[in-house]
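For reference, the chains in residue letters:
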Amino acid sequence: MTATASDRVLSAEMVRAAGRATRFGLVGLAPAQPLDPAPLTDWLRAGHAADMDWMHRRQEERLDPGRVLAGARTVVALAIPYRRPATERSRVASYARGRDYHYAHRDRMRALRQQLLLLDPTLETYACVDTGVAMEKVWAERAGLGFIGKNGLLITPEFGSWVTLSVMFLDRAVDRYDAPHARLCGDCTKCLGACPTGAFAAPGVVDARRCVAYQSIENRGSVPEPIRKGFVARVFGCDVCQDVCPFNRDDIPVGDRRFEPRPLAALTPAQMAGLTGEEFGRLAAGMAVVRTQYDGLRRNALLSIGAARDRSARAIVERLVHDDSAVVSEAAAWALGQIDRPRTGG
Ligand code: B12
Ligand code: SF4
Ligand code: SF4
């Protein structure tokens with residue numbers, strides 16, 4: 001039998017060194033074997049994906065790297081740390097306060113691919129971050145970067161869960177793979193009890209319909225009433241199940257400068273609700289906040305005002321009751337009702 005290019009084996013140490021040289025905080029290597037379909041199919045069947053229809057598409061590819069990249073042999077799991085100081089106050093989740101992390105991963109993966117092509121010019125790769133077809137946390141755990149906690153997130157020894165992830169499939173084996181990381185939650189259940197909206201269907205299993213992150217980022221329509229209380233101190237995303245986690249220690253280094261808050265992240269809910277479309281476009285450019293769009297951010301800000309019953313924001317709330325956007329005017333009417341609701345218990 002003649003050896004083909006994909007029979008060539010890369011040095012794990014050199015792939016790892018290329019990952020570090022291209023500024024990934026963590027790099028791990030796992031064999032590209034098909035994944036057990038049950039956790040994904042059970043999650044989808046239970047309706048936990050809410051209306052993220054894209055999670056239902058391309059399931060076979062999501063579960064088998066070989067379906068995305070012919071001859072896939074290795075998964076390179078990559079992480080970029082982004083911890084923000086505990087003293088930083090913002091209504092935007094930590095990962096989204098600065099430059100959109102997707103750009104950081106894409107830029108660095110492009111550079112990594114170039115470095116790997118120097119090792120083997122005929123190498124084929126498939127790179128993916130977030131909405132691409134890869135189960136990033138599962139690969140990161142298999143590649144030894146950390147473990148999936150009961151909060152459903154990848155927790156690393158170095159940076160806690162304050163990392164974003166991406167993966168690159170290679171059609172080459174490496175000479176040594178990393179061992180999967182053991183799960184270390186033990187008896188702890190802090191995150192499960194702390195979730196403001198009871199979004200954990202089971203340990204490690206998030207029902208997006210009840211998750212403030214889903215409702216504030218992905219849902220374009222009206223937010224169900226029972227979830228609105230979860231917007232009290234949040235406008236975009238939610239960090240509660242990470243803030244309470246003992247693995248997110250205070251001495252974890254703060255992420256690099258590109259994740260420092262931009263002016264939008266420092267605004268109050270009332271200021272966010274009052275933005276013009278032009279201001280939103282300018283302030284949100286290059287941030288992950290763009291995903292929720294102009295009306296989504298204003299809707300979220302109004303829900304935050306309503307959940308906090310913030311009377312000082314009454315003027316902007318009254319104005320937005322008459323907004324052209326149905327989703328905004330409905331949220332404003334609800335917020336007004338909350339502000340005016342008689343207070344009980346003195
Ligand atoms: C869909 C999605 C969401 C959905 C659903 C969340 C979820 N947990 O699935 C919503 C919109 C709610 C969401 C929210 C957030 N997300 Co999100 N999301 C994704 C996405 C696109 C797919 C995840 C997925 O496949 N879900 C489907 C289910 C079946 O998969 P799973 O949760 O991975 O389940 C596996 C394990 O949990 C495990 N498992 C199953 N049962 C059990 C039981 C136990 C006890 C354990 C330990 C494990 C376990 O097996 C399952 C499958 O094999 C990934 C990017 C990607 N491509 O992977 C980002 C991703 C997971 N999100 C991310 C982030 C940052 C967030 C938020 C923190 C954002 C925020 N601050 O608001 C929140 C956190 C919410 C939470 N606690 O999970 C990061 C997580 C980084 C990390 N350290 O893990 C990712 C990896 C994006 C990225 N590229 O960095 N997200
Ligand atoms: S992100 Fe917030 S709402 Fe979603 S599971 Fe975690 S604590 Fe609950
Ligand atoms: S808070 Fe506790 S149970 Fe939840 S992820 Fe962290 S260690 Fe695990």
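Nothing here was measured: the structure is a model prediction, and the numbers come from that model. (Residues numbered from 1 in each chain as written. Chains lettered and ligands numbered in written order. Predicted model: local features only at pLDDT ≥ 70, side-chain atom pairs only at ≥ 80, totals over all residues. Heavy atoms only, no water.)

### Examining the pattern of salt bridges
Between side chains of opposite charge, pairing is possible as soon as their charged atoms come close. Summed over all chains, the structure comprises 25 salt bridges. A salt bridge links Arg-99 to Asp-107; the shortest N-O distance between them is 3.9 Å. Under the relative-accessibility criterion, Asp-107 is labelled partly exposed at 36%. Across the salt bridge formed by Asp-340 and Arg-314, the nearest N and O atoms sit 2.1 Å from each other. One end of the pair, Asp-340, is in helix 14 (residues 326–340); the other, Arg-314, is in helix 13 (residues 314–320), with 26 residues separating them in the sequence. The class for Arg-314 is partly exposed, based on a relative accessible area of 28%. (Salt bridge = Lys/Arg side-chain N within 4 Å of Asp/Glu carboxyl O. Buried < 20%, exposed > 50% of the residue type's maximum accessible area, 1.4 Å probe, protein only. Helix = DSSP H or I, 4+ residues; strand = E, 2+ residues; numbered from the N terminus.)

### Notes on the site of ligand 1
Every one of the 37 residues lining ligand 1 counts as a neighbour, but Asp-130, Glu-136, Lys-137, Leu-154 and Leu-165 are closest to it. Backbone polar atom of Leu-154 to an oxygen atom of ligand 1: 2.7 Å apart, as the coordinates give it. Ser-161 places a polar main-chain atom, nitrogen or oxygen, 3.2 Å from a nitrogen atom of ligand 1. Of all the secondary structure elements, the ones that give two or more residues to the shell around ligand 1 are helix 2 (38–45), helix 5 (136–142), strand 7 (163–170), strand 10 (205–206), helix 7 (212–217) and helix 9 (240–243). Grouping the amino acids of the shell around ligand 1 by side-chain chemistry returns 25 nonpolar, seven polar and five charged. Formed jointly, the shell around ligand 1 draws a minimum of three residues from each of two domains, domain 1 (5–174) and domain 2 (190–245 + 262–340). (Near = heavy atom within 4 Å. Polar contact = N/O pair within 3.5 Å; in protein donor to acceptor, adjacent residues only side chain to side chain. Nonpolar A, V, L, I, M, F, W, Y, C, P; charged D, E, K, R; others polar. Domains from an automatic or database assignment.)

### Focus on the packing of aromatic side chains
Under the criterion given, the structure shown has seven aromatic pairs. With a centroid separation of 5.9 Å and 80° between ring planes, the pair formed by Tyr-82 and Trp-162 is classed as edge-to-face. With a gap of 80 residues between them, Tyr-82 in the loop between strand 3 (74–81) and helix 4 (101–119) and Trp-162 in the loop between strand 6 (154–155) and strand 7 connect regions that are remote in the sequence. Both residues of the pair, Tyr-82 and Trp-162, belong to the buried class. Clustering of aromatic rings is evident, with ring pairs tying together Tyr-95, Tyr-101 and Phe-236. Here the basic side chain of Arg-228 rests over the ring of Trp-334, its NZ or CZ set 5.1 Å away from the ring centre. Here the basic side chain of Arg-298 rests over the ring of Tyr-294, its NZ or CZ set 4.1 Å away from the ring centre. (Phe/Tyr/Trp six-rings, centres within 6.5 Å; stacked < 30°, edge-to-face > 60°. Lys NZ or Arg CZ within 6 Å of the ring centre and 35° of its normal.)

### Quick notes on the domain arrangement of the protein
Split by domain assignment, the protein resolves into domain 1 (5–174) and domain 2 (190–245 + 262–340). Each of domain 1 and domain 2 has a C-alpha centre, and these two points are 28 Å apart. With 31 residues of domain 1 at the contact, the number on the domain 2 side is 37 residues. Across the domain 1/domain 2 interface, buried area totals approximately 2600 Å², and carbon plus sulfur atoms make up 57% of it. (Contact = heavy atoms within 4.5 Å. Buried area = accessible area lost by both parts, 1.4 Å probe.)

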